[in-house]
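The lines below spell out each chain.
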Amino acid sequence: MKGKLGFGLMRLPEADGEIDLKETCRMVDLFLERGFDYFDTAWMYCNFKSEDAVKEAITSRHPRDGYTITTKLHSGFIHQKDDRDKVFGEQLRKTGAGYFDYYWLHDVNSHSVEVYDRLDCWTWLRNKKEAGDVRHIGFSFHDGPELLDKVLTEHPEVEYVQLQLNYLDWNSAGVRAKECYDTATRHGKPVIVMEPVRGGTLAKLPDEAERLMKAYDQNASIPSWAIRFAASWENVCMVLSGMSNIAQLDDNTSYMQDFRPLNEEEMKIVWKTVAVLNGSRAIPCTACNYCAPGCPMNINIPRYFSLYNAELQEAAEKGWTPQAEYYENLTKTYGKASDCIGCGQCESICPQQLPIIENLKLVAGQFE
């Protein structure tokens, strides 16, 4: 891996509803020319055509030692053990890569881990590395630090963890990015960051937040703060950016070529920005957690409210968002928002005097 910036091939440029291969080739060439080499794709990205674009734009046009390719095995597309090799073989064919520099189990969470365990994908993954079909192994992750600790304890052979990490999710009660980062660090696993700009959500901020950043550095783009934040943590070895046009790539590479971590003053501005964003939350929950322990239906009220707020903060054009998945993962352990029986004990103890019962209806309507 060269540099800390990776090219996420999830949101490639389009023309007439198809991947714009000419523009993609231009972006790939510029990315490589500027000293970066890490490309991240997956089976279902770009309506199952991202891996094909890898062959058209990268592997058929550049020497194999000039780039790094990562792809993934997703639990939703394997139902028996034979499916593992069927998908893997098709990925090799589609990408033309010959082998994969990095290969992940995709989106490990409280539901998918049951599939990966049942089909013994951990042993299969290790065997792929031993056979030389992949160079490094790991998994991407959308769940809480408790499960992450369990998986890393049971599978110390994995080398990397890919986490959702950005300044808005860092202390979020729903995503718990910092806790997951700390867990991976404690296990000695380098972190690769996904969603550093929250799929574009942190690229355009409220005017008050933008003024804070522009007052400090008029020339720095708003997304640069988010990507530099993610890259500033010592155990982060790579930050993926889902670049979809030349302008985004040109901006990202301009400040990541000579990367410098956020300094103390810049970090203070980031936390002020988070306060601005959280100040406009739909449900002004402070996550004090007074309400949850006594809930007769075991509903994790603060974390559900956090996910609901995060969902409403997303950029309208983003498309897929992870909050619904985090919600579904939590309902494996806790009661659903719709399980609320309206007993009112939570409202009687809430310091903010929030209408929790009505707010849980909003959460259920959004995620269920």
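A brief structural summary.

About the thresholds
Residues numbered from 1 in each chain as written. Predicted model: local features only at pLDDT ≥ 70, side-chain atom pairs only at ≥ 80, totals over all residues. Heavy atoms only, no water. Core = buried A, V, L, I, M, F, W, Y, C linked by side-chain atoms within 4.5 Å. Buried < 20%, exposed > 50% of the residue type's maximum accessible area, 1.4 Å probe, protein only. Helix = DSSP H or I, 4+ residues; strand = E, 2+ residues; numbered from the N terminus. Contact = heavy atoms within 4.5 Å. Pairing = 2+ DSSP bridges. Axes fitted to C-alpha atoms, helices over the stretch in contact; angles between N-to-C directions. Parallel < 35°, antiparallel > 145°, perpendicular 65-115°, else oblique. Nonpolar A, V, L, I, M, F, W, Y, C, P; charged D, E, K, R; others polar. 1 Å grid on protein atoms, 1.4 Å probe; cavity = no way out; pocket = protein on both sides within 12 Å on 5 of 7 lines; lining within 4 Å. Points joined across faces, edges and corners; volume = space filled by probe spheres on them. Phe/Tyr/Trp six-rings, centres within 6.5 Å; stacked < 30°, edge-to-face > 60°. Lys NZ or Arg CZ within 6 Å of the ring centre and 35° of its normal. Lys, Arg positive; Asp, Glu negative; His and termini not counted. Salt bridge = Lys/Arg side-chain N within 4 Å of Asp/Glu carboxyl O. Polar contact = N/O pair within 3.5 Å; in protein donor to acceptor, adjacent residues only side chain to side chain.

## Re the nonpolar core
Generally speaking, nonpolar side chains in soluble globular proteins are found buried as a group. One finds Phe-7, Phe-39, Phe-139 and Tyr-167 to be the most contacted residues of the largest nonpolar core, which totals 107 residues. The greatest single-element share of this core, amounting to seven residues, is contributed by helix 10 (residues 222-231). Setting aside residues no more than four positions away along its own chain, Phe-7 makes contact with Leu-12, Met-27, Val-28, Phe-31, Tyr-38, Phe-39, Asp-40, Ser-241, Met-243 and Leu-249. By size, the runner-up hydrophobic cluster in this structure holds eight residues, among which are Tyr-38, Tyr-160, Met-238 and Leu-240.

## Digging into the sheet that holds strand 7 (residues 134-141)
Spatially, 1-4-5-6-7-8-9-10 is the arrangement adopted by the eight strands of the closed barrel, whose pairing is parallel. Direction aside, the axes of adjacent strands within the sheet are offset by 30° on average. Inspection of the sheet shows strand 6 (residues 100-108) paired to strand 7 by six bridges, in the parallel sense. Considered in strand 7, the bridge of Tyr-103 is made with Ile-137. In the packing of helix 1 (residues 21-33) onto the sheet, the strands contacted are strand 1 (5-8) and strand 4 (38-40), and the crossing angle to strand 1 comes to about 170°.

## Focus: the packing of helix 1 against helix 11 (residues 246-256)
The N-to-C vectors of helix 1 and helix 11 enclose an angle of 10°; their axes lie 10 Å apart at closest approach. Of the possible angle classes, the one that applies to helix 1 and helix 11 is roughly parallel. Contacts between helix 1 and helix 11 involve Glu-23, Arg-26, Met-27, Leu-30 and Phe-31 on the former and, on the latter, Ile-246, Leu-249, Asp-250 and Thr-253. Here the residues of the contact of helix 1 with helix 11 are counted per class, giving five nonpolar, one polar and three charged.

## As for the layout of surface pockets
The space that makes up the largest pocket amounts to roughly 930 Å³. Taken together, 36 residues form the lining of the largest pocket, with Met-10, Arg-11, Glu-195, Gly-199 and Gly-242 sitting closest to its centre. Secondary-structure elements contributing two or more residues to the lining of the largest pocket are strand 5 (68-74), strand 6, helix 10, strand 10 (236-241) and helix 11. Looking at the lining of the largest pocket element by element, the count peaks at three residues for helix 11. Among the residues making up the lining of the largest pocket, the classes are represented as 12 nonpolar, 14 polar and 10 charged. Space inside the second largest pocket adds up to approximately 290 Å³. In terms of lining, the second largest pocket is formed by 19 residues, of which the most central are Ser-172, Ala-173, Asn-278, Arg-281 and Ser-306.

## A closer look at the packing of aromatic side chains
Scanning the entire structure with this criterion turns up 26 aromatic pairs. Ring geometry for Tyr-102 and Trp-104: centres 5.8 Å apart, planes at 55°, overall tilted. Summarising the burial analysis for this pair, Tyr-102 and Trp-104 share the class buried. Linked through ring pairs, Tyr-167, Trp-170, Tyr-181, Phe-229, Trp-233 and Trp-271 together constitute an aromatic cluster. The aromatic ring of Trp-43 is capped on one face by Lys-94, whose charged end is 4.9 Å from the ring centroid.

## Quick word on the side chain of Asp-37
Tracing the sequence through the fold places Asp-37 in the loop between helix 1 and strand 4. Although Asp-37 is buried, it forms no salt bridge, and the closest oppositely charged side chain is Lys-2 at an N-O distance of 5.0 Å. Polar contacts involving the side chain of Asp-37 include one to the main-chain amide nitrogen of Lys-2, which spans 2.9 Å. Beyond its immediate chain neighbours, meaning those up to four positions away, Asp-37 contacts Met-1, Lys-2, Phe-31, Leu-32, Gly-66, Tyr-67 and Thr-68.

## Some details on the pattern of salt bridges
Pairing is possible between side chains that carry opposite charge, provided their charged atoms lie close to one another. Scanning the entire structure with this criterion turns up 24 salt bridges. Taking the shortest distance from any N to any O, the salt bridge between Lys-150 and Glu-154 comes out at 2.9 Å. One end of the pair is Lys-150 and the other is Glu-154, both in helix 7 (residues 145-154) and four residues apart, which spans about a single turn. When its relative accessible area of 43% is taken as the criterion, Glu-154 is described as partly exposed. When the shortest N-O distance is used, the salt bridge between Asp-182 and Lys-178 registers 2.7 Å. Placement of both Asp-182 and Lys-178 in helix 8 (residues 177-186) is noted, with a separation of four residues, approximately one turn of the helix. The exposure class assigned to Lys-178 is partly exposed, which follows from its relative accessible area of 33%. Several salt bridges converge on common partners, so that one network encompasses Glu-51, Asp-52 and Lys-94.

All we've got here are geometric facts, nothing functional implied.
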